[in-house]
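Observations on chain architecture
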Amino acid sequence: MRIIVCDDYDGLSLTAAKMIASQILLKPNSVLGLATGSTPVGTYNILMKMYADGETDFKDVLTFNLDEYYPIRDDNPQSYHYFMKEHLFSKININPSNVHILNGTVTDAAAECKTFERLIKKSGGIDLQLLGIGKNGHIGFNEPEANLNAGTHLTKLTQSTIEANSRFFENVDDVPTHALTMGIATILRSKKIVLLASGEEKQHIISSLLEGGISTAIPATMLKVHPDVTIICDRAAYKGV
Ligand code: F6R
C-alpha cells in the first residue's frame, strides 16, 4: 500500500481529484467505482470545477457506486442516488446511462446484486475504485465479520455504522438497517484502489490498517492483498507509523 499524507482536507481532495482526472485523461472511457459519505465530497467538488474549466471530460466515463441503503427510494435525500446526483452527476457531463447505482427499491435484492456484478464485468471491470473508510474499518458496507469473500450482496449494518450515519438523518431510527454493497471480492477485482481518510476520528483505524495484519475484524485490511492501493489521508488522520 502506498500512502500519501496531505496537509489538510483540501490537499487530500485535490490529490484524489487529480488522480481521478489523470485516470480519465489516460483512458477517457474509464470505469470508476465511486463512494459516498463526507470524505469524497471535496474531491467531487474539485472534479466538478475541473469539468467546468474544460480540464476533464466525463462523456465516456462509466461509474459504479459502492453501495446503497436498502430499502430506500432514489428520491429520498439520504439515498446514495440522491447524494451522487447532488454532489457530482448533475454538475458534470456524464451520460446517465453510464451511471450504475444499486437499486434500493427492488424486491429481489439478490437478483439486483447479480445484475450489478454482471454489468461491472461487461464494462471490462473497474479501473479505479474510490473508497472511504468507516471508524470500524468498513469499506463499502462490508462490516467486520468472520467471512468477507462475497461479491455484491445485501448486508445488515452494524449499530456503530447506524449511529455514525445517523448524522445525516433526523433521528437514528430513520437509518435503514440494511444496505446493498459491493463485496470485498468485488472491490479487490478493481485494477486500482484509492482510499481516502480525513480527520482525527479516522486516526485510530488508519494506524490499525497500516500497522496490523490482515483480519476480517478490520475489513479494510483485506486491501493489503491488492497490488495497487493508494491511501490518501490528511495529517489529522495520520499519526505516523
Ligand atoms: C460510502 C461507503 C462507506 C463510507 C464510510 C466513511 O459509499 O461505502 O464505507 O466510505 O462510512 O464515511 P465518511 O466519509 O462519511 O466518513
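What follows is about the sheet that holds strand S4 (residues 67–70). Taken together, the three strands give an open sheet; going across it, the order is S4-S8-S7, and neighbouring strands pair in antiparallel fashion. Of all strands in the sheet, those with a lone pairing partner are S4 and strand S7 (153–156), marking the two edges. Strand-to-strand twist across the sheet, computed as the mean angle between neighbouring axes with direction ignored, equals 30 degrees. Of the pairings in the sheet, the one linking S7 to strand S8 (residues 178–181) comprises four bridges and is antiparallel in character. Counted as the bridge partner of Leu-154 is Leu-180 from S8.

Turning to the side chain of Thr-39, a few remarks are in order. Relative to the elements of secondary structure, Thr-39 occurs in the loop between strand S2 (31–34) and helix H2 (41–52). For Thr-39, a relative accessible area of 12% gives the class buried. Once residues within four sequence positions are removed from consideration, Thr-39 is found in contact with Tyr-9, Leu-196, Ala-197, Ser-198 and Lys-202.

Further remarks concern the site of the ligand. Residues in contact with the ligand amount to 14 residues; listed here are only the nearest, Thr-39, Asp-67, His-138, Gly-140 and Lys-202. The separation between an oxygen atom of the ligand and a polar main-chain atom of Gly-140 is 2.7 Å. For the ligand, an oxygen atom lies 2.6 Å from a polar atom in the side chain of Lys-202. When grouped by side-chain class, the residues that make up the shell around the ligand number three nonpolar, eight polar and three charged.

Here we take up the packing of aromatic side chains. Considering all chains together, one arrives at five aromatic pairs under this definition. Between the aromatic rings of Tyr-69 and Phe-141, the centroid separation amounts to 5.7 Å while the plane-to-plane angle is 40 degrees, which identifies the pairing as tilted. In this pair, Tyr-69 sits in strand S4 while Phe-141 sits in the loop between strand S6 (128–131) and S7, placing the two residues 72 residues apart along the sequence. In terms of burial, Tyr-69 and Phe-141 fall into one category: buried. Consider the rings of Tyr-80 and Phe-141, whose centres lie 6.1 Å apart with planes at 10 degrees: the pair is stacked. Here the residue Tyr-80 occupies a position in helix H3 (residues 80–87), and Phe-141 occupies one in the loop between S6 and S7, the gap between them amounting to 61 residues. For the pair formed by Tyr-80 and Phe-141, the shared burial category is buried.

Each value, and the rule that gives it
Residues numbered from 1 in each chain as written. Predicted model: local features only at pLDDT ≥ 70, side-chain atom pairs only at ≥ 80, totals over all residues. Heavy atoms only, no water. Pairing = 2+ DSSP bridges. Helix = DSSP H or I, 4+ residues; strand = E, 2+ residues; numbered from the N terminus. Axes fitted to C-alpha atoms, helices over the stretch in contact; angles between N-to-C directions. Buried < 20%, exposed > 50% of the residue type's maximum accessible area, 1.4 Å probe, protein only. Contact = heavy atoms within 4.5 Å. Near = heavy atom within 4 Å. Polar contact = N/O pair within 3.5 Å; in protein donor to acceptor, adjacent residues only side chain to side chain. Nonpolar A, V, L, I, M, F, W, Y, C, P; charged D, E, K, R; others polar. Phe/Tyr/Trp six-rings, centres within 6.5 Å; stacked < 30°, edge-to-face > 60°.

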